[in-house]
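Analysis of the macromolecular model
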Amino acid sequence: MNATRILTLVFGAVAIGLAYFLFSDIKADIDLQKKIKVTEKAVIERLKTIREAEIAYQSVYGDYCGNWDTLKAFADTGSVFIIQKTEHIEQLAYGAEKVTIEIDTLDQIALRDTIFTAAKFPNFDPTKLNRIPGSSKDFSIWAGHVKKGNNDVAVFEVKDIDPVDPTRKESNQIYSRKPLRIGSRTDVTTAGNFE
């Protein structure tokens, strides 16, 4: 064999090796992006389910829940009340009015029959409410109060502590690029940073 043919074979083998290396590197990146997209979609759905449970809990007890065992038990066996408000207005002297509001509890319905129906949450399992999809860890949960004006307002925050996307960090300046979460420790909101 002459030198040209040997160099052609060597460079051909090197080119094939580089092409394979580039292809596998690009494919790994595409696979990671697909995994991130699928996992984050599952995390967002779980956070929305948790938000529904927290809102229902707050409507019954007046505060949000900061304990997974309590929230899971409430989501599994809890119920909400159907109430009727009636307003009575009585005319007083000099055009003043006296308003009386009557609140009557009509019925009590299980959360599974109203909020966590099979149509809205087909795979609802309250025992997995705290688990981060795609991870063996639990979401962090916190509930408390913030001062707004002269009032203490109930707030909560549920956060993904094990993001699958390595670029989601607490140090990010852009709120939507922080780890996925709902609620806030400082603001009165139940929204998520994914909305």
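To keep things clear, this report deals only with the structure shown in the data block. One numbering rule holds for all chains: residues counted from 1, following each sequence as written. In keeping with the model being predicted, local features are shown solely for residues with a pLDDT of at least 70 and side-chain atom pairs are shown and tallied solely at 80 or more, while totals for entire chains, interfaces and linings include all residues. Excluded from the side-chain calculations are hydrogens and water; all other atoms, namely the structure's heavy atoms, are used.

Some thoughts on the sheet that holds strand S4 (residues 151–159)
Adjacent strands of a sheet pair through backbone hydrogen bonds, lying either parallel or antiparallel. The cut-off we apply is this: Between any two strands, at least two bridges found by DSSP are needed for them to pair. Every helix listed is a DSSP run of H or I at least four residues long, and every strand listed is a run of E at least two residues long, numbered separately from the N terminus. Axis angles are defined between N-to-C directions and span 0 to 180 degrees, where every axis is a line fitted to C-alpha atoms and, for a helix, only to the segment in contact.
One open sheet accounts for three strands, arranged S3-S4-S5; its pairing is antiparallel. Edge positions in the sheet fall to strand S3 (140–148) and strand S5 (181–183), since each of these pairs with one other strand and no more. Neighbouring strand axes in the sheet, compared pairwise and without regard to direction, differ in orientation by 20° on average. Pairing geometry for S3 and S4, over nine bridges, is antiparallel. Among the inter-strand pairings, Ser140 is bridged to a residue of S4, identified as Lys159.

Here we look at the nonpolar core
Here is the rule: To qualify as a nonpolar core, a set must consist of buried Ala, Val, Leu, Ile, Met, Phe, Trp, Tyr and Cys residues joined through side-chain atoms within 4.5 Å. Relative accessibility thresholds used throughout: buried, under 20% of the residue-type maximum; exposed, over 50%; partly exposed, between the two (1.4 Å probe, protein chains only). It only takes one pair of heavy atoms within 4.5 Å for two residues to be counted as in contact.
If you look at the biggest cluster of nonpolar residues, it comprises 28 residues, and the most contacted ones within it are Ile50, Leu71 and Val158. At the level of elements, helix H1 (3–61), helix H2 (68–77) and S4 are the ones that each hand at least two residues to this core. Here this core gets seven residues from one element, more than from any other, and that element is H1. Sequence-distant contacts of Val158, that is, excluding residues within four places in its chain, are made with Leu47, Ile50, Trp68, Phe139, Ser140, Ile141, Leu180, Arg181 and Ile182.

A closer look at the environment of Glu195
We apply this condition: We define a polar contact as two N or O atoms separated by no more than 3.5 Å, with the added condition that, inside protein, one atom must be a possible hydrogen donor and the other a possible acceptor, whereas residues neighbouring each other in sequence contribute only through side-chain atom pairs.
Looking at where Glu195 falls in the secondary structure, it is placed in the segment after S5. For the pair formed by Glu195 and Ile182, sequence separation is 13 residues and the distance between their alpha carbons is 9.5 Å. Reaching out from Glu195, the side chain makes a polar contact with the side chain of Arg51 at a distance of 3.0 Å. Within the local environment of Glu195, its side chain forms a polar contact with the backbone nitrogen of Gly192, the two atoms lying 2.7 Å apart.

Re the packing of aromatic side chains
Selection rule: Between the rings of Phe, Tyr and Trp (Trp by its six-membered ring), a pair exists once the centres lie within 6.5 Å; its type follows the angle of the planes, with under 30 degrees stacked, over 60 edge-to-face, and the other angles tilted.
Taken as a whole and judged by the stated rule, the model has seven aromatic pairs. With a centroid separation of 4.6 Å and 40° between ring planes, the pair formed by Tyr57 and Tyr61 is classed as tilted. Within this pair, Tyr57 and its partner Tyr61 are both found in helix H1, separated by four residues, close to a single helical turn. The exposure class of Tyr57 is buried, given its relative accessible area of 14%. A relative accessible area of 52% means that Tyr61 is categorised as exposed. Residues Tyr57 and Phe74 carry aromatic rings whose centres are separated by 5.2 Å and whose planes lie at 85° to one another, so their mutual orientation is edge-to-face. Taken together, the residues span a long stretch of sequence, with Tyr57 in helix H1 and Phe74 in helix H2 at a distance of 17 residues. By way of ring pairs, the aromatic residues Tyr57, Tyr61 and Phe74 are connected into one cluster.

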